[in-house]
Amino acid sequence: MSTEILEIKHNREKFLDLLLLADPEEAVVLAYLNQGWLFALYEDGELYGVMHLIEHDARTLEIKNLAVKESAHGKGYGMRLINQAKVFGKQQGYRTLLVGTGNSGAGIFTFYQKAGFRFKSVIRDFFVVNYKEPIFENGLQCRDMVLLDQELD
Ligand SMILES: CC(C)(COP(=O)(O)OP(=O)(O)OC[C@H]1O[C@@H](n2cnc3c(N)ncnc32)[C@H](O)[C@@H]1OP(=O)(O)O)[C@@H](O)C(=O)NCCC(=O)NCCS
């Protein structure tokens, strides 16, 4: 089995289905689709995951989107993509890796903490103000954006 992570510069719309797993509002995903760096993870030529990185500020790289095909969860692909973000962020001279995720996710905070992130802050009502449709997960409304970060050293 050979896994490779490729940077995608063109035709990023092809990855929309996967990106929508992590960010359900198409207009929001399309608004940042052509910014930053998009990476795709393939195993034996088959697409399994995507990660979209965008500059947050001069010292901070943000993981704007990260998604692995549901049928392939738990195989380490998500962690491989995070490791790619760490290597890439360091190469580009960023000092901090940031990610924001909804309050209603189950298990996502375990995943990010295992990947080295720590809780930073909360933007209350981010998803209420910025998304047209209310988002529900696990019987809970996704209202607040929880920010986690880690230093890249
Ligand atoms: C979050 C996501 C990217 C994780 O990808 P993955 O390939 O399944 O994760 P990995 O297999 O690399 O898991 C790495 C570690 O995190 C743990 N982990 C991953 N998802 C978890 C969950 N939902 N609950 C608890 N632990 C979890 C794994 O058990 C593993 O732990 P280990 O190293 O001790 O074995 C994937 O579940 C996903 O695409 N979810 C839908 C989209 C989404 O929510 N994206 C994030 C929005 S910001």
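Summary of the structure given here. Numbers given to residues run from 1 along each chain, matching the order in which its sequence is written. Side-chain atom pairs in this predicted model are given and counted only at pLDDT of 80 or more, local residue features only at pLDDT of at least 70, and totals for whole chains, interfaces and linings cover all residues. As a convention, hydrogens and water are excluded, and side-chain values are obtained from all of the structure's heavy atoms.

Our focus in this paragraph is the overall build of the protein chain. The secondary structure content of the protein chain amounts to 5 helices and 9 strands. Secondary structure elements are defined from DSSP: runs of H or I of at least 4 residues count as helices, runs of E of at least 2 residues count as strands, and each element is numbered from the N terminus. Ordered by position from N to C terminus, the α and β elements of the protein chain give β-α-α-β-β-β-α-β-α-β-α-β-β-β. Compactness check: the protein chain gives a C-alpha radius of gyration of 15 Å against a globular reference of 15 Å for 153 residues, within 12% of the reference. Overall, the C-alpha framework of the protein chain stretches about 40 × 35 × 30 Å when taken along its three principal axes. Only protein chains enter the accessibility calculation, which uses a 1.4 Å probe. A residue is then buried if its area is under 20% of the maximum for its type, exposed if over 50%, and partly exposed in between. Put simply, the protein chain has 153 residues, and 44% of those count as buried. Taken as a whole, the protein chain presents about 8600 Å² of accessible surface, with 47% of it coming from carbon and sulfur. For this count, His and the chain ends are skipped, Lys and Arg are scored as positive, and Asp and Glu as negative. All charge positions are set by atom: Lys at NZ, Arg at CZ, Asp at CG, Glu at CD. In the protein chain, which carries 17 positive and 21 negative side-chain charges, the distance between the mean positions of the two groups comes to 6 Å. Computation of the radius of gyration draws on C-alpha atoms, with the globule rule given as 2.2 Å multiplied by the number of residues to the power 0.38. Areas reported as accessible are Shrake-Rupley estimates using a 1.4 Å probe. Residue values count occlusion only from the protein chains shown.

The term salt bridge refers to a side-chain nitrogen of Lys or Arg lying within 4 Å of a carboxyl oxygen of Asp or Glu. According to the stated counting rule, one finds 3 salt bridges in the structure shown. Residues glutamate 151 and arginine 59 are paired through a salt bridge, measuring 3.9 Å at the closest nitrogen-oxygen approach. Taken as a pair, glutamate 151 in strand β9 (residues 145–151) and arginine 59 in the loop between β3 (46–57) and β4 (60–68) lie far apart in primary sequence, 92 residues in all. Residue aspartate 125 pairs with arginine 143 through a salt bridge whose shortest N-O separation is 2.8 Å. Residue aspartate 125 is found in the loop between β6 (118–123) and α5 (126–130), and its partner arginine 143 is found in the loop between β8 (140–141) and β9; the two are separated by 18 residues along the sequence.

What follows concerns the site of the ligand. Around the ligand, the surrounding shell holds 20 residues, and the nearest of these are Leu66, Val68, Gly74, Gly76 and Gly78. As used in this structure description, the phrase polar contact means that two N or O atoms lie within 3.5 Å; if the pair is within protein, one of them must be able to donate a hydrogen and the other to accept it, and residues adjacent in sequence are counted only when both atoms belong to side chains. Between leucine 66 and the ligand, the recorded distance is 2.8 Å, taken from a backbone N or O atom to a nitrogen atom. Here an oxygen atom of the ligand and a backbone polar atom of glycine 76 are 2.7 Å apart. For the shell around the ligand, the secondary-structure elements that each account for two or more residues are α1 (16–22), β4, α3 (77–91) and α4 (108–114). Broken down by element, the residue count for the shell around the ligand peaks at 5 residues, all from α4. In the shell around the ligand, the residues fall into 11 nonpolar, 7 polar and 2 charged. Here a residue is considered near a molecule or strand provided that any single heavy atom belonging to it is located within 4 Å of it. For this classification, the nonpolar set comprises Ala, Val, Leu, Ile, Met, Phe, Trp, Tyr, Cys and Pro, the charged set comprises Asp, Glu, Lys and Arg, and every other residue, Gly included, is treated as polar.

By the element assignment, glycine 89 lies in helix α3. We classify glycine 89 as buried; its relative accessible area is 0%. Taking C-alpha positions, glycine 89 is 29 Å from aspartate 125, a pair spaced 36 residues apart along the chain.

Turning our eyes to something else, we now look at the nonpolar core. Counting residues in each nonpolar core, the largest one holds 26 residues, and the members touching the most others are Met51, Leu53, Ile63 and Phe117. For this core, the elements supplying multiple residues, two or more each, are β2 (37–43), β3, β4, α3, β5 (96–102), α4 and β9. Sort the elements by how many residues they give to this core and α3 lands first, with 5 residues. In this structure phenylalanine 117 touches Ile63, Ile82, Leu97, Leu98, Val99, Tyr112, Leu148, Asp149 and Gln150, once residues within four positions along its chain are discounted. Leu18, Leu19, Val50 and Cys142 belong to the second-largest nonpolar core, a separate cluster that totals 22 residues. Here, nonpolar core means buried Ala, Val, Leu, Ile, Met, Phe, Trp, Tyr and Cys residues that are tied together by side-chain atoms lying within 4.5 Å of each other. In what follows, a contact means two residues having at least one pair of non-hydrogen atoms within 4.5 Å.

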